[in-house]
Every structure is written in structure tokens, then in C-alpha cells.
Amino acid sequence: MQRNQDRPLNQLREVSLEINTNIHAEGSVLVSFGNTKVICTASIENNVPKWMKNSNEGWVTAEYGMLPRSTNERMSREAARGKQSGRTQEIQRLIGRSLRQAVNLKYLKGKTINIDCDVIQADGGTRTASITGGTIALCLALRKIGKEHAIKSLVGAISVGTFEDMLLIDLNYHEDSNAQADINIVMNENFDLIEVQGTAEDKPISKSDFNELIKMAEIGIGEIIELQKKILKEV
């Protein structure tokens, strides 16, 4: 099978991280996974949610949204509809859970860091791009307030799946929407699993193929984390 631009089945799309794209945010990144592009901004509040008032920890949370023309046809803004879709809520919870694994919350006492992930162009993998870019936005924000010691580990994410009975990494929209199985995998820089989120759409995935996809994801996330390290080192 030929993928776009003859990309091998086990090869990521071109991944880029353009930092400081927002002059107002404490941390900001434009992350690209091929044609998927997401702006991630980190904002710091000197406050915590009400249920954390007596806690000795701070909080990291995320919001996710797709701009109206991020897809082939214009979609209405969720604010105009009056509520978020279940998909949006599920994705932003995934991003928040993943990013909390990047920090030691006890060093953020009394502070909340909001990571906003706005998809400006979607071609599959928006949630994995958001986690990857959101991690860098979070690290930049922590540096800005002298809290870099709160960072436990970088976090990266990638999609893998089966398409036409072949194992693929970093699925674009065409591959993802027609996949037999689609799995999003989040790991830290030690390759510990943070989250595995997958579904067999067309037919069940074998255990042996699943294990191969985990290995494929580990290699891909390794490349992503090396890029994250390079970007942060150059700042």
C-alpha cells in the first residue's frame, strides 16, 4: 500500500514544534503532525478549583476545540450550539490527564495551569498532536515562572492502527476514518504507558498485532520526545 508521499507504514508524518507563537501566553506552541496543526497555549492562574482549596497541590487542566474551518466543511462553533460535544469533552479530559503526568503537582501549590488546544487544521491525530504540543507549552510556562523543577517527564502521544490489514503509525484522516482498528497511545520519556485508548472498528485486532503496534508507538514517541528535548534545549 502506498501512503501519502510514499510514507512507509512505520514512519511518522513530519512533526514540527514552533514555540512562542502567542505573545500573551506564558507558554505557546504551534504543533504540526503533517497537515494537522494545533495551537497550544498555557495560561497560569494564581488559584485552584474549589475542590482543591485545602490541598497542598496545584492543578493542570486542558480545553480542546476545533475551529470552524479546520475540516473540509465548515462546522458551527460549539459555543454557538450552547454545549460541547461528547467527543470534545472526552479529548480534553485525555489531554488533561496526560499533561498532569508531566509534572509534580505539589510544586504548583495554589496555581492552575490551563492548556488550551485549538485545532486550526485537522487531518487526523489532533489529540496526539495536542498532547505533544501541550507538553511543550506547559514546560515553557513553568520555566517562565521559575518552576521548571516541577517537570517530572516529557510526554508524547501518537496514533497507531490497522488499515487494509497492515499496521500503521500516525494515521491521517483518510486512514483513521477507514481504519479496522485505531489506537491512541500516550507515554512518558521512560516509555511508561500513560494511556491506551483504542477501538476495533471493522474487526478485532489480534494480541500479536496489538503488541507490534505498541512497539511501533514506542519508537515513534521516542522520536517525538527527542524533538521535544531539542526544542527545549534551544530555548
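## Digging into helix 5 (residues 207–234)
Then, in step 1: The end-to-end C-alpha separation of helix 5 is 41 Å, in line with the 40 Å expected for 28 residues at 1.5 Å each.
Then, in step 2: Residues Leu213, Ile214, Met216, Ala217, Gly220, Ile221, Gly222, Ile224, Ile225, Gln228, Ile231 and Leu232 constitute the buried set of helix 5.
Then, in step 3: Buried residues belonging to helix 5 abut strand 1 (15–19), strand 2 (27–33), helix 3 (126–144), strand 6 (155–163), strand 7 (166–169) and strand 8 (181–188).

## Some thoughts on the packing of aromatic side chains
Then, in step 1: Applying the stated criterion to the full structure yields one aromatic pair.
Then, in step 2: Ring centres 4.9 Å apart and planes at 85° place the aromatic pair Trp51 and Trp59 in the edge-to-face group.

## Considering the sheet that holds strand 7
Then, in step 1: Judged by pairing direction, the sheet is antiparallel, and its four strands sit side by side in the order 7-6-8-9 without closing on themselves. A single partner strand is all that each edge strand has here, and the edge strands are strand 7 and strand 9 (193–200). Taking each pair of neighbouring strands and ignoring which way they run, the sheet shows an average axis angle of 15°.
Then, in step 2: Examined bridge by bridge, strand 6 and strand 7 share four bridges and lie antiparallel to one another.

## So, the packing of helix 3 against helix 5
Then, in step 1: Interaxial distance between helix 3 and helix 5 falls to 11 Å at its minimum, and their mutual angle equals 25°. The orientation of helix 3 with respect to helix 5, classified from their angle, is roughly parallel. You can see that helix 3 and helix 5 cross each other, and the crossing is right-handed. For the pair helix 3 and helix 5, the contacting residues are Thr132, Thr135, Ile136, Cys139, Leu140 and Arg143 in the first and Ile224, Gln228 and Leu232 in the second.

## Quick look at the sheet that holds strand 2
Then, in step 1: The five strands lie next to each other as 1-2-3-5-4, forming an open sheet whose pairing is mixed. Both outer strands of the open sheet, strand 1 and strand 4 (59–66), are each paired with one neighbouring strand and no more. On average, each strand axis in the sheet is tilted by 20° relative to the strand beside it, whichever way the strands run.
Then, in step 2: With five bridges connecting them, strand 1 and strand 2 associate as antiparallel partners. Bridge pairing in strand 2 places Ser16 opposite Ser32.
Then, in step 3: Where helix 2 (residues 86–100) meets the sheet, its contacts fall on strand 4 and strand 5 (112–121), and the angle it forms with strand 4 comes to roughly 145°.
Then, in step 4: Where helix 5 meets the sheet, it contacts strand 1 and strand 2, and its direction lies at approximately 25° from that of strand 1.

Conventions adopted
- Sequence order as written defines residue numbering, which begins from 1 separately in each chain.
- This being a predicted model, a pLDDT of at least 70 is required before a residue's local features are given, and a value of 80 or more before pairs of side-chain atoms are given or counted; all residues contribute to the totals for chains, interfaces and linings.
- Hydrogen atoms and water are omitted, and side-chain values are computed over all heavy atoms in the structure.
- Only DSSP runs of H or I with at least four residues qualify as helices, and only runs of E with at least two residues qualify as strands; both kinds are numbered from the N terminus onward.
- One less than the residue count of a helix, multiplied by 1.5 Å, gives the span that helix is expected to have.
- Between buried and exposed lies partly exposed: a residue is buried under 20% and exposed over 50% of the maximum accessible area for its type, with that area taken using a 1.4 Å probe on protein chains only.
- It only takes one pair of heavy atoms within 4.5 Å for two residues to be counted as in contact.
- Only centres within 6.5 Å qualify two rings of Phe, Tyr or Trp (six-membered ring in Trp) as a pair; their planes then separate them into stacked at under 30 degrees, edge-to-face at over 60, and tilted for everything else.
- Two strands pair if DSSP finds at least two bridges between them.
- Only the contacting stretch of a helix is used when fitting its axis, a line to C-alpha atoms as for every element, and angles between N-to-C directions run 0 to 180 degrees.
- Angles below 35 degrees are treated as roughly parallel, those above 145 as roughly antiparallel, those between 65 and 115 as roughly perpendicular, and all remaining angles as oblique.
- In this scheme the crossing of two helices becomes right-handed for a clockwise turn of the near helix relative to the far one and left-handed for an anticlockwise turn of less than a right angle.

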